Amino acid sequence: MIVSNLEQGLASELSEIENGASGTLRIGINYTRAKLLIPPFFQWCRFKYPNVKIELTLEETVTMQVLLEKGKLDCFLGINAVTSPMMQTMTMAYENIYLMASSEFLRNYPKIEPRNLINRRSEADLQKFRGVPFAMNYGKSTTFKLLNQYMADNNITVNNVLSVSDYDVSEKICRSGYAASFCPQIFIPTILKGNRTCEKEEYIYALPVKGLNRPLRFDLILNESIHYPRFAFDCFGSIRKIVRDYLAETDAVC
């Protein structure tokens, strides 16, 4: 198997040098990050490698781990992935988790006056949100597992009235004032964009969770048994730059 992989890799590199980069890169990523990161990456890829095809699989981290092990993905972008010895991890960034809640929701449920929230660094104490309605990710979500463990450790129970692993949907639910939710740091610019055009009561505050000192680790995971062509590593570098540039923008407003 090793000899075969080496032979295939050498043939691939010689072909790439002679004919230019071509082939297919199969990438796994969840929906929210795909929507934010893939358009600029695809634009870069089409400019630099016009003969390379990108295949996307939109899934949660735990599912993508299995697909990579089975050889159905070349790589995936995951959150807090638990890797096996056959996997190689390239950490893209670390992200904080934020509570999303509208002005109307904060007044009606936790009885918090938004004017007392000095800025987005004001922490949300989940002890004040006991029993109030939340839209939460599905149980297989890495973010949900981390939050669930945090709430269990602190004896906090919220009323999960909607299960959905799509932050765009969660954002709209939050703006309705009927529920609060959580989101990763990478989603903050989407919230701010919506705030510029929404009604006053629909304005969403994105607040760090008090005592939740466990950032999400955002990784690019590779399969050690795959020989990747040169263009693939160039693509991985581009994705890392896009991720870091995007999160650098959120740091400026969080």
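Conventions and cut-offs
Residues numbered from 1 in each chain as written. Predicted model: local features only at pLDDT ≥ 70, side-chain atom pairs only at ≥ 80, totals over all residues. Heavy atoms only, no water. Helix = DSSP H or I, 4+ residues; strand = E, 2+ residues; numbered from the N terminus. Expected span 1.5 Å × (residues − 1). Bend = angle between axes of the 7 residues up to and from the residue. Buried < 20%, exposed > 50% of the residue type's maximum accessible area, 1.4 Å probe, protein only. Phe/Tyr/Trp six-rings, centres within 6.5 Å; stacked < 30°, edge-to-face > 60°. Pairing = 2+ DSSP bridges. Axes fitted to C-alpha atoms, helices over the stretch in contact; angles between N-to-C directions. Contact = heavy atoms within 4.5 Å. Core = buried A, V, L, I, M, F, W, Y, C linked by side-chain atoms within 4.5 Å. Right-handed = clockwise from strand over helix to strand, strands pointing away.

**Student:** How would you sum up helix α2 (residues 31-48)? Please name residues and give values.
**Tutor:** In this model α2 runs 25 Å from its N-terminal to its C-terminal C-alpha over 18 residues, within 8% of the 26 Å that 1.5 Å per residue would give. Largest kink in α2: about 40°, centred on leucine 37, with the proline proline 39 one to four residues after it. By the burial criterion, the buried members of α2 are Thr32, Arg33, Ala34, Leu36, Leu37, Ile38, Phe41 and Cys45.

**Student:** Explain the packing of aromatic side chains to me, and be specific about the residues and the numbers.
**Tutor:** Scanning the model with the defined rule gives eleven aromatic pairs in all. When the ring of tyrosine 49 is compared with that of phenylalanine 231, the centres are 5.9 Å apart and the planes differ by 50°; the resulting orientation is tilted. With a gap of 182 residues between them, tyrosine 49 in the loop between α2 and β2 (52-58) and phenylalanine 231 in helix α8 (residues 230-253) connect regions that are remote in the sequence. Note on tyrosine 49: relative accessible area 12%, which makes it buried. Here the aromatic cluster, defined as three or more aromatic residues joined through ring pairs, consists of Phe41, Trp44, Tyr49 and Phe231.

**Student:** Let's hear about the sheet that holds strand β1 (residues 23-29): which residues, and what values?
**Tutor:** Strands belonging to one sheet form pairs held by backbone hydrogen bonds; the direction of such a pair is parallel or antiparallel. Read from one edge of the open sheet, five strands run β2-β1-β3-β10-β4, paired in mixed fashion. The outermost strands of the open sheet, each flanked by one partner alone, are β2 and β4 (87-95). Sheet twist, expressed as the mean angle between neighbouring strand axes with direction ignored, is 20°. Where β1 meets β2, seven bridges bridge the pair, whose relative direction is parallel. By the bridge assignment, isoleucine 27 is partnered in β2 with leucine 56. Against the sheet, α2 touches β1, β2, β3 (75-79), β4 and β10 (216-223), its axis set at about 180° to β2.

**Student:** Describe the nonpolar core, and please don't skip the residues or the numbers.
**Tutor:** In terms of nonpolar packing, the biggest core is built from 60 residues, with Phe41, Leu99, Leu126, Phe129, Phe134, Phe182 and Phe236 touching the most fellow members. By residue number, the principal contributor to this core is α8, which donates nine residues. For leucine 126, the contacting residues outside a window of four places in its chain are Leu99, Tyr150, Met151, Ile156, Phe182 and Val209. In this structure, Cys174, Ile191, Ile204 and Ala206 belong to the second largest nonpolar core, which totals eleven residues.

**Student:** Explain the pairing of strand β7 (residues 159-163) to me, and be specific about the residues and the numbers.
**Tutor:** As judged from the four bridges shared by strand β6 (residues 133-136) and β7, these two strands associate in the parallel manner. Note on β7: the bridge partner recorded for alanine 135 is leucine 162. Chirality of the crossover, the property in question, places the unit of β6, helix α5 (residues 142-153) and β7 among those that are right-handed.

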